[in-house]
Amino acid sequence: MEHNLYIYNTLSRKKEQFIPLHNNRVGMYVCGPTVYGDGHLGHARPAITFDILFRYLMHLGYKVRYVRNITDVGHLENDADSGEDKIAKKARLEQLEPMEVVQYYVNRYHKAMEALNVLPPSIEPHASGHIMEQIDFVQKIIDAGFAYDSEGSVYFDVEKYNQKHNYGKLSGRNVEDMLETTRDLDGQSEKRRSVDFALWKKASPEHIMRWKAPWSDGFPGWHLECSAMGTKYLGEEFDIHGGGMDLMFPHHECEIAQNQAGLGKDSVKYWMHNNMITIAGQKMGKSLGNFITLDEFFTGNHALLTQPFSPMTVRFFILQAHYRSTVDFSSAALEASEKGLSRLMEGYARLQKITASASTSLETVGLRAKCLDAMNDDLNTPIVISYLFDSLRIVNLIADGKETISSTDLEELKFVFKLFIEELLGLKSDNEANVSNEAYKKAVDLLLNMRLEAKQNKDWATSDKIRNELTALGFEIKDTKDGFEWRI
Ligand code: ZN
C-alpha cells in the first residue's frame, strides 16, 4: 500500500507513519457509548473523528474491520468501582428491563449517527453479549498472577503489575506516587490498594444484571469488555485503538494492563485520542446545566441555543478543528459553521454547472495533492477545508465568466471536490433532502408564478404578500430577467 499517512500515537507521544500489522488489512477498535441516555457532542466527536479515519483508510485501499462497542453493563456511576450500574439505575427509575433501556438508547444513538453521516462500524458488539469472553479473560489474568479474589470480587493488582510493567505509560501518570498516597487504606475496602480496579464484581442481592462466574454471581468491570471484545474480533494484536481523551485514564490504561497481564503482550500498535468539547470554556456536564444532547441541537430546544442546528452543521463544526485540539462550543461558533458549510455546498453545486472552455486561464491544479498531504498529516481536516475554500474563489470566478477552465482541469476539480467533500469529510447539503421532494419544489414554483402574474397585473399587494411570507419562512427569492430563482 503506497501512502504517506502519519498519525499521532498517544503511546509514543509522536506522529508515526501508519504501517499496519497485516499488509492490506486494518483492525480498528473505538470505545462506543454507554447507553443510558441520549447522545451529546461528547459522543459525536469520537464518532466523527474515527469515521474520518475509517473513510480515509478505506480510500487508501485497506480492508478495515472497524469495531465500535456498546457498553451495556458494568459501567458504574462514579466511573470507579462503586455506585450503581448506570443502566440498571435508569431501568429502576423508569421501571423498565435494563435491556429495554439499552435498546431504546441504542436505537436513538444509531439515528443520531446516521443523521451525522457517520458510517456504521463493521461490528458493534455489546458487552452483555460477551460475558463468557470476559470471564475467560479474568481467569487468564488470575492465572498470570496479576489479580486477586476478595470476597467474590476480583481485582487487578496494580502494584504487582507495576513491578514488572509500566502502569501509567499511556496517560503519563506516575503510579509510584499513586501507590504511595494510597498505601494506607482504612481496612474497610475489599481492595488491597485504591488504585486496584475491578475485573469482576460480586452482585449485591438487589443488583439485576448478574451472571454466574467461578468467583460469584456478579458482573464484569467496565474496562474488561474492551480487552475481551477487542481481542475477540481483532486478534491479540491489532492496529488502532481510539476513543475520547477522557477515556485515556483509567479506562485505556487499564485495558493495556489487562492485555499485558492476560495475554503477555501490548495489543495495540497505535493509540489515538480525540480531544474534548467544552462549552463556554467549561467541561460539559449534567450538573453544570450546559449538557446539550444531539437531539436538542437538531431541534434548537435548549436555552444555550439560538436556533436549531442541522446534523451536517454539527459535523462541519467538529471537522473545522483538528481532532487533537479542544473545541469550544457556542451558538455563535455554530452559526459561523452553518454559514461556512452553506457557502461550501453552494460552491460545490455551482461547480457542477460550469461548462469547460478550450483552455484554463488560471492555476487550478495541485488541490488534490495539497488536500491529501493535509489528510496524511494526522487527519488535518481544518487544513483540507481551508484548501477547499481557497478553491471556491476560483470556482466562483469561472462560474461568473471571469476566468475559464479546460475540460481536463474541470474534471479534476470536480473529482477532488467530490472526493473530499462527500467521500472523505462525509458532508452533504442540508437542503438536498428537502428540495429533492418534487412536489414541494413545484408548490414553491407555483406560488412564485402566481406572484409573477400578480406583478404583471400590477397587483402589488398580492405580489408583496407572497414574497414577504416566503421570506419569513426562510426562502430567499431573487428576481431575474427570465422570472425568478429561489433557495432556502
Ligand atoms: Zn473501551
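Residues numbered from 1 in each chain as written. Predicted model: local features only at pLDDT ≥ 70, side-chain atom pairs only at ≥ 80, totals over all residues. Heavy atoms only, no water.

### Some words on the overall build of the protein chain
Phase 1: Scanning the protein chain for helices and strands turns up 17 helices and 16 strands.
Phase 2: Projecting the C-alpha coordinates of the protein chain onto the three principal axes gives extents of approximately 90 × 55 × 35 Å.
Phase 3: The 488 residues of the protein chain split such that 51% are buried.
Phase 4: Across the protein chain, the mean location of the 56 positive side-chain charges is 3 Å away from that of the 69 negative side-chain charges. (Helix = DSSP H or I, 4+ residues; strand = E, 2+ residues; numbered from the N terminus. Buried < 20%, exposed > 50% of the residue type's maximum accessible area, 1.4 Å probe, protein only. Lys, Arg positive; Asp, Glu negative; His and termini not counted. Charge placed at Lys NZ, Arg CZ, Asp CG, Glu CD.)

### Considerations on the coordination of the zinc ion
Phase 1: Every protein donor of the zinc ion is listed here as Cys31 (SG), Cys226 (SG) and His251 (NE2), and their distances to the metal cover 2.0 to 2.1 Å.
Phase 2: Along the chain, the residues that donate to the zinc ion are spaced as C-x194-C-x24-H. Residue Cys31 is found in the loop between β3 (25–30) and α1 (41–59), and its partner His251 is found in helix α8 (residues 248–263); the two are separated by 220 residues along the sequence. (Donors = N, O, S within 2.8 Å, 3.2 Å for Na, K, Ca; no water.)

### Side note on the domain arrangement of the protein chain
Phase 1: Domain annotation of the protein chain identifies domain 1 (6–274), domain 2 (279–431) and domain 3 (435–487).
Phase 2: Placing a centre on the C-alpha atoms of domain 1 and another on those of domain 3 gives a separation of 56 Å. (Domains from an automatic or database assignment.)

### Quick look at the sheet that holds strand β11 (residues 268–274)
Phase 1: An order of β4-β3-β10-β11 is seen for the four strands of this open sheet, with the pairing classed as parallel. Of all the strands in the sheet, just β4 (63–68) and β11 have a single pairing partner and so form its edges. When strand polarity is set aside, the average angle formed by the axes of neighbouring strands in this sheet is 20°.
Phase 2: Here β3 pairs with strand β10 (residues 238–244) via three bridges, running parallel. Its bridge partner lying in β10, Met28 is registered against Ile240.
Phase 3: Where helix α7 (residues 222–234) meets the sheet, its contacts fall on β3, β4 and β10, and the angle it forms with β3 comes to roughly 160°. (Pairing = 2+ DSSP bridges. Axes fitted to C-alpha atoms, helices over the stretch in contact; angles between N-to-C directions. Contact = heavy atoms within 4.5 Å.)

### Here we look at the packing of aromatic side chains
Phase 1: The full count for this structure, using the stated rule, is 14 aromatic pairs.
Phase 2: When the ring of Phe18 is compared with that of Tyr62, the centres are 5.9 Å apart and the planes differ by 90°; the resulting orientation is edge-to-face. With a gap of 44 residues between them, Phe18 in the loop between β2 (14–17) and β3 and Tyr62 in the loop between α1 and β4 connect regions that are remote in the sequence. In terms of burial, Phe18 and Tyr62 fall into one category: buried.
Phase 3: Arranged with centres 6.3 Å apart and planes meeting at 20°, the rings of Tyr348 and Phe417 form a pair that is stacked. Here Tyr348 is found in helix α11 (residues 331–353), whereas its partner Phe417 is found in helix α14 (residues 407–424), with 69 residues between them in sequence. The two residues Tyr348 and Phe417 agree in class, both being buried.
Phase 4: Positioned above the aromatic ring of Phe137 is the side chain of Lys140, whose terminal nitrogen or guanidinium carbon lies 5.9 Å from the ring centre.
Phase 5: Positioned above the aromatic ring of Tyr148, the side-chain terminus of Arg192 is 3.9 Å from the ring centre. (Phe/Tyr/Trp six-rings, centres within 6.5 Å; stacked < 30°, edge-to-face > 60°. Lys NZ or Arg CZ within 6 Å of the ring centre and 35° of its normal.)

### Brief notes about the sheet that holds strand β7 (residues 197–202)
Across a sheet, paired strands are connected by hydrogen bonds in the backbone, their directions being either parallel or antiparallel.
Phase 1: A sheet is described by the order of its strands in space; here five strands give the open sequence β5-β6-β7-β9-β8, paired in antiparallel fashion. This sheet does not close on itself; its edge strands, each paired only once, are β5 (147–150) and β8 (211–212).
Phase 2: For β8 and strand β9 (residues 217–220), the ladder comprises two bridges, and the chain directions are antiparallel. Each residue of the ladder has a partner; that of Lys212, found in β9, is Asp217.

### Points about the pattern of salt bridges
Phase 1: Evaluation of the coordinates by the stated rule reveals 26 salt bridges.
Phase 2: Salt-bridge contacts for Glu422 lead to Lys418; the nearest nitrogen and oxygen are separated by 3.4 Å. Of this pair, Glu422 and Lys418 both sit in helix α14, separated by four residues, roughly a single helical turn.
Phase 3: Among the residues examined, Glu422 registers a relative accessible area of 32% and is labelled partly exposed.
Phase 4: Judged by relative accessible area, Lys418 falls into the partly exposed class, the value being 38%.
Phase 5: Note that Asp479 and Lys455 form a salt bridge whose closest N and O atoms lie 3.7 Å from each other. In this pair, Asp479 sits in strand β15 (residues 476–480) while Lys455 sits in helix α16 (residues 438–456), placing the two residues 24 residues apart along the sequence.
Phase 6: According to the relative accessible area criterion, Asp479 is partly exposed, its value standing at 37%.
Phase 7: According to the relative accessible area criterion, Lys455 is partly exposed, its value standing at 25%.
Phase 8: Via salt bridges that share partners, Arg451, Lys455, Arg467 and Asp479 belong to a single interconnected network. (Salt bridge = Lys/Arg side-chain N within 4 Å of Asp/Glu carboxyl O.)

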